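A closer look at the structure
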Amino acid sequence: MPDLVAYKLYEVSKYLSLDAHTTDFFINTMNKGVWEGLSAEEQGIIAQAMRTAMEFQWKAQPDEIDNALAKLRTLLQVNDITPENKKLFIEATRPVYQQFEGSIGKSFLDLATKELA
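Notes on the structure follow. Predicted model only: the values in this text are computed from it and were never measured.

What follows concerns the overall build of the protein chain. Helices and strands together make up the secondary structure of the protein chain, namely 5 helices and 2 strands. Across the protein chain, helices and strands are ordered from the amino to the carboxyl terminus as α-β-α-α-β-α-α. Over its C-alpha atoms the protein chain spans a radius of gyration of 19 Å, topping by over 25% the 13 Å that the globule rule assigns to 117 residues. In terms of overall dimensions, the protein chain has a C-alpha envelope of 55 × 40 × 25 Å along the principal axes. Within the protein chain, the fraction of its 117 residues that count as buried is 9%. Long-range pairs, those at least 24 residues apart, make up 67% of the contacts in the protein chain with a sequence separation of at least 6. In the form shown here, the protein chain has an accessible surface area of approximately 9800 Å², with 59% of it arising from carbon and sulfur atoms. Here the protein chain contributes 12 positive and 17 negative side-chain charges, whose respective centroids are spaced 5 Å apart.

Pasting the structure below:
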């Protein structure tokens, strides 16, 4: 939700439904050759900086989400999805899983379903 505020998506939308359909992933990457060209000490410094940033993000993100949602509630009609309606959505979209089973794999889909339920 912080992204919705940052990008001012409330300017082009009237509604926000809180269906919890996404999970944020933050991925940092580096060219393999550049990484391998760093000394072990430099790699360790970068790895520690990433751990520090990750720990900060895990602590800061819940407040950022709460603050963004509070602001969005003043700018849009926010629809809180009940557990019963969420279950209906899950069941209605279950056939989509089969579409990706061949490329992603059933075991990964089962794990994602379990973890994100």
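Let us look at a nonpolar patch on the surface. Nonpolar side chains collect at one region of the surface, where Val-96, Phe-100, Ile-104, Phe-108 and Leu-111 lie side by side and expose about 440 Å² of accessible area between them. Counting residues per element, the ones that place at least two in the nonpolar patch are α4 (83–104) and α5 (106–116). The leading source of residues in the nonpolar patch is α4, at 3 residues. A residue is classified by how much of its surface remains accessible, and Ile-104, at 41% relative accessible area, is partly exposed.

This brings us to the environment of Ile-104. Along the chain, Ile-104 turns up in helix α4. Taking the C-alpha atoms as reference points, Ile-104 and Asp-80, separated by 24 residues in sequence, lie 31 Å from one another.

This brings us to the environment of Ala-60. By secondary structure assignment, the location of Ala-60 is in helix α3 (residues 40–75). In this structure, the C-alpha to C-alpha distance between Ala-60 and Gln-99, residues 39 residues apart in sequence, is 36 Å.

Across all of its chains, the model carries 0 aromatic pairs by this definition. Lying over the aromatic face of Tyr-97, Arg-94 brings its terminal NZ or CZ to 5.6 Å of the ring centre.

Time to look at α4. Given a rise of 1.5 Å per residue, 22 residues ought to cover 32 Å, yet the end C-alpha atoms of α4 are separated by just 27 Å, more than 12% below that figure. Remark: the principal bend of α4, roughly 40 degrees, maps to Arg-94, with a proline, Pro-95, within the next four residues. Immediately beyond the C-terminal end of α4, within one or two residues, lies Gly-105, with a positive phi of roughly 105 degrees.

All right, on to the pattern of salt bridges then. Once the charged atoms of two side chains with opposite charge are near each other, the side chains can pair. The final tally for this structure, using the stated rule, is 4 salt bridges. Arg-94 is the salt-bridge partner of Glu-91, the closest N and O atoms lying 3.2 Å from each other. Separated by 3 residues within a single helix, Glu-91 and Arg-94 lie in helix α4, roughly one turn from each other. One salt bridge connects Lys-106 with Asp-110, and the closest N-O pair in it is separated by 2.9 Å. Taken as a pair, Lys-106 and Asp-110 lie in helix α5 at a separation of 4 residues, close to a single helical turn. Relative accessible area serves as the criterion here: at 41%, Asp-110 is assigned to the partly exposed category.

About the criteria used
Residues numbered from 1 in each chain as written. Predicted model: local features only at pLDDT ≥ 70, side-chain atom pairs only at ≥ 80, totals over all residues. Heavy atoms only, no water. Helix = DSSP H or I, 4+ residues; strand = E, 2+ residues; numbered from the N terminus. Rg over C-alpha atoms; globule rule 2.2 N^0.38 Å. Buried < 20%, exposed > 50% of the residue type's maximum accessible area, 1.4 Å probe, protein only. Contact = heavy atoms within 4.5 Å. Areas by Shrake-Rupley, 256 points an atom, 1.4 Å probe, with all protein chains shown as cover. Lys, Arg positive; Asp, Glu negative; His and termini not counted. Charge placed at Lys NZ, Arg CZ, Asp CG, Glu CD. Patch = residues over 30% accessible without salt bridge, like charges linked within 9 Å, V, L, I, M, F, W, Y side chains within 5 Å. Salt bridge = Lys/Arg side-chain N within 4 Å of Asp/Glu carboxyl O. Phe/Tyr/Trp six-rings, centres within 6.5 Å; stacked < 30°, edge-to-face > 60°. Lys NZ or Arg CZ within 6 Å of the ring centre and 35° of its normal. Expected span 1.5 Å × (residues − 1). Bend = angle between axes of the 7 residues up to and from the residue.

On their own, these measurements won't tell you what the molecule is for.
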